[in-house]
Amino acid sequence: MSSFVFYSFSVIVCSGVFMLLYHLCVSRKAGYTFCRRYLMAAMLLSVVIPTLNVPLYHKYVKVEPTPQMVYKPIESLPLPESSAPVQTTGNAITAVSNAEPAAASADATPEPVLNRNNSLKIPGFIKWRLAVFGVYLIGVLISLGLILRSIIYISGIRNRSVITAKQGYTLAENADVKSPFSFLNTIFMGRGYSDSVRSQILSHETSHVQHHHSSEKLIMSVIRSVFWFNPFIWMAEKSLEEVQEWQADNDALSSDSYDVDDYRDTVIRMLLGMSPLTTTGMGTSFTRKRLLRMNQKESTGHTPAVTIMSVAVALAL
């Protein structure tokens, strides 16, 4: 239990350092693809780095043998007079006394004992550890269950939709879809859109499919579920969603001659209905930042410097 607590604390420290570097040096200075890869790699490294055992350098002093150093074989050493059993290790002899039991290790957990009523008596700190682990396990199961429920819900929508195979993706049209979204290589959308709005939606969601955004979301969600107590992983998940939406908007506005104001109107109308994979609504600061971001170009000038800095921080951790 103590080792897991120390590991969890190390994961929090690593993820916090990576997120600090992201907000100070990576966000708004590197390209969208680099930001996505940084966030994914940072959270994976935060989980892996605490498990690494890097040996440190130790200075060894070479001792030259002297005439006073006399080595005798184990057979030539006198045995102790005690009748206690003797254990031999290399050229050393250790007498083990049967009268005095070996001292218990400091980290050893005492075994539960029986009280007068022959019922199991568990020490108090063991109960505390079991309670903490139970709360952690419940949080993991609830979070993973919500992910599984969303996947089952999306699969049900797909089974009831009209499926059309397109170049590079599959289109699933269903009247129950209030807000268009994509999952893996499938784009889900409702019916009754005008040709211009439909084209804008497909351009945006096609970018999500091409960049495998839903796969990144799924992996990040699993990491967040296992480490649900880590606030920095929640921040990374939110930042990843922001970058994905910025990239999809940028691709849609760059590849097609859409008017920015018309595209904004389409985004606002689509956000009025929430998709199963969206966690942000119209009242959040992210939506306002997203609408303002449409007039800004992607920044890629600082990518080499940010790459070197990121590698240096990872090696330091």
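About the cut-offs
- Residues numbered from 1 in each chain as written.
- Predicted model: local features only at pLDDT ≥ 70, side-chain atom pairs only at ≥ 80, totals over all residues.
- Heavy atoms only, no water.
- Pairing = 2+ DSSP bridges.
- Helix = DSSP H or I, 4+ residues; strand = E, 2+ residues; numbered from the N terminus.
- Axes fitted to C-alpha atoms, helices over the stretch in contact; angles between N-to-C directions.
- Contact = heavy atoms within 4.5 Å.
- Phe/Tyr/Trp six-rings, centres within 6.5 Å; stacked < 30°, edge-to-face > 60°.
- Buried < 20%, exposed > 50% of the residue type's maximum accessible area, 1.4 Å probe, protein only.
- Core = buried A, V, L, I, M, F, W, Y, C linked by side-chain atoms within 4.5 Å.
- Expected span 1.5 Å × (residues − 1).
- Parallel < 35°, antiparallel > 145°, perpendicular 65-115°, else oblique.
- Nonpolar A, V, L, I, M, F, W, Y, C, P; charged D, E, K, R; others polar.

Student: Let's hear about the sheet that holds strand β6 (residues 170-173): which residues, and what values?
Tutor: Strand order in the open sheet formed by 4 strands is β5-β6-β8-β7, and the pairing between neighbours is mixed. Pairing within the sheet leaves two strands with one partner each, and these edge strands are β5 (162-165) and β7 (181-183). Between one strand and the next, the sheet's axes are offset by a mean angle of 25 degrees, whatever the strand orientation. Two elements, β5 and β6, share 4 bridges in a ladder whose sense is antiparallel. When the sheet's bridge partners are listed, threonine 164 is paired in β6 with leucine 171. Against the sheet, helix α4 (residues 195-210) engages β6, β7 and β8 (186-189), with an angle of about 145 degrees to β8.

Student: Describe in detail the packing of aromatic side chains, supporting the description with residues and values.
Tutor: Counted by the stated rule, this structure contains 10 aromatic pairs. A ring pair is formed by phenylalanine 18 and tyrosine 38, whose centres lie 6.4 Å apart and whose planes are at 80 degrees; its orientation type is edge-to-face. One end of the pair, phenylalanine 18, is in helix α1 (residues 2-26); the other, tyrosine 38, is in helix α2 (residues 32-48), and 20 residues separate them in sequence. Note on phenylalanine 18: relative accessible area 2%, which makes it buried. Relative to phenylalanine 188, the ring of phenylalanine 181 lies with its centre 4.8 Å away and its plane at 10 degrees, an arrangement referred to as stacked.

Student: Got a sec to walk through the nonpolar core? Specific residues and values, please.
Tutor: Core analysis: the largest hydrophobic core is formed by 29 residues, its most contacted members being Tyr22, Val26, Tyr38, Leu39 and Met43. Elements with a minimum of two residues in this core: α1, α2, α5 (213-226), α6 (231-255) and α9 (303-316). When residues in this core are grouped by element, the largest group, 9 residues, is from α1. Setting aside residues up to four positions removed in sequence, tyrosine 22 forms contacts with Ser27, Cys35, Tyr38, Leu39, Ser239 and Val243. Listed in part, the 9 residues of the second largest apolar core include Leu171, Ile187, Val197 and Ile201.

Student: Could you give an account of unusual backbone geometry, naming the residues involved and the relevant values?
Tutor: We note that leucine 184 has phi near 55 degrees; this positive angle belongs to a residue other than glycine. Overall, leucine 184 belongs to the partly exposed group, its relative accessible area being 43%. In this structure, histidine 212 takes a positive phi of about 60 degrees despite not being glycine. Given the relative accessible area of 52%, histidine 212 is considered exposed.

Student: A description of α2 should follow, citing residues and the corresponding values.
Tutor: When the terminal C-alpha atoms of α2 are compared, their 24 Å separation across 17 residues agrees well with the 24 Å that a helix rising 1.5 Å per residue should span. Tyr32, Phe34, Cys35, Arg36, Tyr38, Leu39, Met40, Ala42, Met43 and Ser46 are the residues of α2 that are buried.

Student: Got a sec to walk through the packing of α5 against α6? Specific residues and values, please.
Tutor: The geometry of α5 relative to α6 is characterised by a closest axis approach of 10 Å and an angle of 170 degrees between their N-to-C directions. Here α5 is positioned roughly antiparallel relative to α6, judged by the angle of their axes. Across the interface between the two elements, His213, Glu216, Lys217, Met220, Ser221, Ile223 and Arg224 from α5 touch Ile233, Trp234, Ala236, Glu237, Leu240, Glu241, Gln244 and Gln247 from α6. For the contact of α5 with α6, the residue count by class is 6 nonpolar, 4 polar and 5 charged.

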